[in-house]
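# Topology and contacts: notes
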Amino acid sequence: MQIPPGGKRPTIRDVAVVAGVSRGTVSRVLNGGSRVSQEAQDAVARAIADTGYTANHAARTLALGRSNTIAFLLSEPQHVLFEDPTFARLMGGCTSALAEHGLLLTLVTAGTPADRDRAVGYVAARHVDGVLLVSSHAVDPVAEELIATGVPTVVCGRFPGLESRISMVGADDLDGGRQMTSHLIERGSRTIAHITGQMDTPGGFARLEGYKQALVAAGLPVRPELIVHGDYSRESGYAGMGELLGRVPDLDGVFVASDLMAAGACAAVQETGRRIPDDVRVGGFDDAGVAEHLTPSLTTMRQPFERISREMVRLLLARIDGDGDASVFLPSSLVHRGST
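One structure accompanies this document, and this report is about it. (Residues numbered from 1 in each chain as written. Predicted model: local features only at pLDDT ≥ 70, side-chain atom pairs only at ≥ 80, totals over all residues. Heavy atoms only, no water.)

## Some remarks on the overall build of the protein chain
- Within the protein chain, the secondary structure is distributed over 13 helices and 12 strands.
- Principal-axis analysis of the C-alpha atoms places the extent of the protein chain at approximately 80 × 40 × 35 Å.
- In the protein chain, 70% of the contacts between residues at least 6 apart in sequence involve partners at least 24 apart.
- The positive charge centre, built from 32 side chains, and the negative charge centre, built from 39, are 7 Å apart in the protein chain. (Helix = DSSP H or I, 4+ residues; strand = E, 2+ residues; numbered from the N terminus. Contact = heavy atoms within 4.5 Å. Lys, Arg positive; Asp, Glu negative; His and termini not counted. Charge placed at Lys NZ, Arg CZ, Asp CG, Glu CD.)

In structure tokens, the structure reads:
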């Protein structure tokens with residue numbers, strides 16, 4: 001009984017008649033299917049297809065007290081979203097995963113204290129049903145403030161001290177740092193430097209620890225002069241590599257904690273006339289799009305961005321439905337290219 005163009009819009013009553021069930025049963029199916037048999041759910045689904053019924057989204061939103069909108073809260077200046085491809089990959093993955101559930105994603109940035117106050121106020125006013133918090137900082141006051149609002153929240157990364165109070169999803173940064181450093185050793189490097197991320201970030205301290213563990217396991221010394229700190233930008237990778245080459249001219253390998261920094265590090269190496277990988281082997285971390293376009297292409301640790309995005313959405317929807325907090329940390333995988 002598909003309604004022809006220009007005809008009367010089908011109602012829940014029409015769906016109920018075609019399905020042979022009550023209007024209450026149709027309503028329960030539309031709102032999640034609780035306390036409805038599988039046979040009735042199947043009958044309603046067929047009736048919806050047959051009638052061409054489309055639910056009144058606004059009415060359902062009011063009835064459920066939900067906005068059907070999720071905030072992607074980036075606790076960074078807005079320009080970082082366009083400069084660092086990892087954030088764009090995560091946002092794109094979350095958008096796709098939410099769309100499968102009929103939910104919208106709205107971007108909220110909180111790069112300054114004033115922005116943070118506005119963002120938390122927006123969330124606290126229940127304009128969104130939940131928050132996907134993305135921050136490169138492991139100690140971020142916005143996480144505590146979001147917990148205080150009571151709005152379901154999932155963070156990307158590891159936030160020490162909040163494990164029992166908020167859901168977390170991320171890559172295993174420590175193991176990734178260990179894998180990449182071990183790979184450089186296996187390729188023949190012995191004087192291996194490391195350019196870290198910011199040390200208040202999961203990727204900063206955990207990847208550094210993985211680097212140290214791999215050196216110790218191989219019987220190599222951990223030399224402080226071979227470690228410099230960056231901020232995940234291309235510029236900091238360039239500056240850090242220049243500093244390292246000045247300190248230890250005979251270094252033959254470097255593990256860089258992000259691909260953007262690795263791009264800068266490669267430029268610094270090549271400016272000295274050294275060859276990659278013949279003179280210096282370079283490894284990065286992320287594989288978010290930069291690595292394969294460098295010359296030579298960059299060996300890196302691939303973060304499973306799509307899986308991270310989907311796990312964030314899965315855990316958030318579970319929290320919205322009343323489940324407790326849970327955390328998932330996924331392995332990264334080594335992608336061997338021309339730089340090693």
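## Side note on the layout of surface pockets
- The computed volume of the largest pocket comes to approximately 780 Å³.
- If you trace the largest pocket, you find 44 residues lining it, with Asp-84, Thr-86, Phe-87, Ser-136 and Tyr-232 closest to the centre.
- For the lining of the largest pocket, the secondary structure elements donating two or more residues are helix H5 (79-83), helix H6 (85-99), strand E5 (167-171), helix H9 (173-186), helix H10 (202-217), helix H11 (234-247), helix H12 (259-271) and helix H13 (305-320).
- Looking at the lining of the largest pocket, the element that brings in the most residues is H10, giving five residues.
- Along the lines of polarity and charge, the residues of the lining of the largest pocket split into 18 nonpolar, 14 polar and 12 charged. (1 Å grid on protein atoms, 1.4 Å probe; cavity = no way out; pocket = protein on both sides within 12 Å on 5 of 7 lines; lining within 4 Å. Points joined across faces, edges and corners; volume = space filled by probe spheres on them. Nonpolar A, V, L, I, M, F, W, Y, C, P; charged D, E, K, R; others polar.)

## Things to note about the side chain of Thr-51
- Considering the arrangement of structural elements, one finds Thr-51 in helix H3 (residues 38-51).
- Within the local environment of Thr-51, its side chain forms a polar contact with the backbone oxygen of Ala-47, the two atoms lying 2.8 Å apart.
- Of note is the side chain of Thr-51, whose polar atom sits 3.4 Å from the backbone oxygen of Ile-48. (Polar contact = N/O pair within 3.5 Å; in protein donor to acceptor, adjacent residues only side chain to side chain.)

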